[in-house]
Amino acid sequence: MTARGLVKIPDFCSNTTTMKTENLKWLLLAFLALIWGSSFILILRGLDALSPLQVGSLRMIAAGAFLLLIGFRKLPQIPLGKWKYVALTGITGNFIPAFLFALAETEVNSTVSAILNSLTPLNTLIFGLLLFRMDVGRHQVLGILVGFAGCMLLVYGGSSESGGDWRYAFFILLATICYALNIHFVKRYLSDLSPLTISAGNFAVLILPAAAILLSTGITGHYTEHAIQVSAFYIVLLGLLSTGISNVVFYRLIQMSTPLFASNVTYLIPIVAAGWGLLAGERLGWMQLIGAAVILSGVYLSSRKR
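What counts and what doesn't
- Residues numbered from 1 in each chain as written.
- Predicted model: local features only at pLDDT ≥ 70, side-chain atom pairs only at ≥ 80, totals over all residues.
- Heavy atoms only, no water.
- Helix = DSSP H or I, 4+ residues; strand = E, 2+ residues; numbered from the N terminus.
- Contact = heavy atoms within 4.5 Å.
- Areas by Shrake-Rupley, 256 points an atom, 1.4 Å probe, with all protein chains shown as cover.
- Salt bridge = Lys/Arg side-chain N within 4 Å of Asp/Glu carboxyl O.
- Axes fitted to C-alpha atoms, helices over the stretch in contact; angles between N-to-C directions.
- Left-handed = near helix turned anticlockwise from the far one by under 90°.
- Nonpolar A, V, L, I, M, F, W, Y, C, P; charged D, E, K, R; others polar.
- Core = buried A, V, L, I, M, F, W, Y, C linked by side-chain atoms within 4.5 Å.
- Buried < 20%, exposed > 50% of the residue type's maximum accessible area, 1.4 Å probe, protein only.

**Here's the deal with the overall build of the protein chain**
- Looking only at helices and strands, the protein chain has twelve helices and zero strands in total.
- Helices and strands appear in the protein chain in the N-to-C order α-α-α-α-α-α-α-α-α-α-α-α.
- Long-range pairs, those at least 24 residues apart, make up 90% of the contacts in the protein chain between residues at least 6 apart in sequence.
- Entry remark: accessible area of the protein chain is about 15,500 Å², with carbon and sulfur atoms responsible for 68%.

**So, the pattern of salt bridges**
- What the rule picks out here adds up to two salt bridges.
- Asp48 is paired through a salt bridge with Arg45; the nearest N and O atoms lie 3.1 Å apart.
- With a shortest N-O distance of 3.3 Å, Lys82 and Asp192 are connected by a salt bridge. Residue Lys82 is located in the loop between helix H2 (52–71) and helix H3 (83–104), and its partner Asp192 is located in the loop between helix H7 (169–189) and helix H8 (195–216); the two are separated by 110 residues in the primary sequence.

**Observations concerning the packing of helix H4 (residues 110–117) against H7**
- With their axes 9 Å apart at the nearest point, H4 and H7 run at an angle of 35° to one another. Note that H4 runs across H7; the crossing there is right-handed. Between H4 and H7, the residues in contact are Ser113, Leu116 and Asn117 and Ala169, Ile172, Thr176 and Tyr179, respectively.
- Tallied by class, residues from the contact of H4 with H7 come to four nonpolar, three polar and no charged.

**Description of the side chain of Thr176**
- For Thr176, the position within the fold is in helix H7.
- Here Thr176 is in contact with Leu116, Asn117, Leu119, Thr120 and Asn123, once residues within four sequence places are set aside.

**Let's talk about the nonpolar core**
- If you look at the biggest cluster of nonpolar residues, it comprises 45 residues, and the most contacted ones within it are Leu50, Val55, Phe101, Leu116, Leu119 and Val265.
- Looking at this core, the elements that each hand over two or more residues are helix H1 (12–46), H2, H3, H4, H7, helix H9 (226–256), helix H11 (265–279) and helix H12 (286–302).
- The element contributing the most residues to this core is H1, with nine residues.
- Among all residues touching Leu50, those that are not within four sequence positions of it are Val55, Leu58, Ile219, Ile228, Ser231, Ala232 and Ile235.
- In terms of nonpolar packing, the next biggest core, distinct from the first, is built from nine residues, Phe95, Ala98, Phe203 and Leu206 among them.

Below, the structure written as structure tokens:
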């Protein structure tokens, strides 16, 4: 039989591999949404018996212990001249936000914290435009404006419809600015290093300052108290899952898909957080719900190129 007469047989192995990869992408996305969406209620539970300084520092120690355990062999791969950028990304991407979120949730509920966290992509665009000469289209500019209008509605609705000092919501805004700057710092200065190398380097810098802060709070004199132990358990879980394991999973998701696909987790996090918030007795007023919808609309617009 000539080559022209051969019947083409479908490549079932290739199709099966593609299907498995596609399914794995969605599983990883769902896993990240569950973990990151649950982080806000874990912070709240940690604050039952711990101070914001204790929550932030213990979270850093737990995440650092995990990432250094699996990534300490990567540290020699960091050139001496890059360590200042590793420290900078660790501070902006992990250290400062950990304390800001803990401080904010002393007055702001976990659901609203998760919604405001969705401002990170918008702040990434703003600082990309202002500081890093990033090309921004008209839809993205509109998304920025819509997103921050939603932020104002959310905060105003909270201050008028429920208790708490809603000025603390701006600590979350500051945290999202830190996250946005970190994204640009990593892309500009550390793009030649692997994600695990960067993460291990971050916490090689952060773990000792975090331990010093935790010890300065006097927690060692109360660690036998049951309430302290329960809250500490929640924060250790937060550090291991939300800061440690999820970082590795997120970078893996980006590698096997695209940054755009991975960024879809932004829309899912508030849904998971709202579910936990309802179980914990949190409620949102109508103005807050409208503000949340406006913020997510702004994030959607900002994901469009033009």
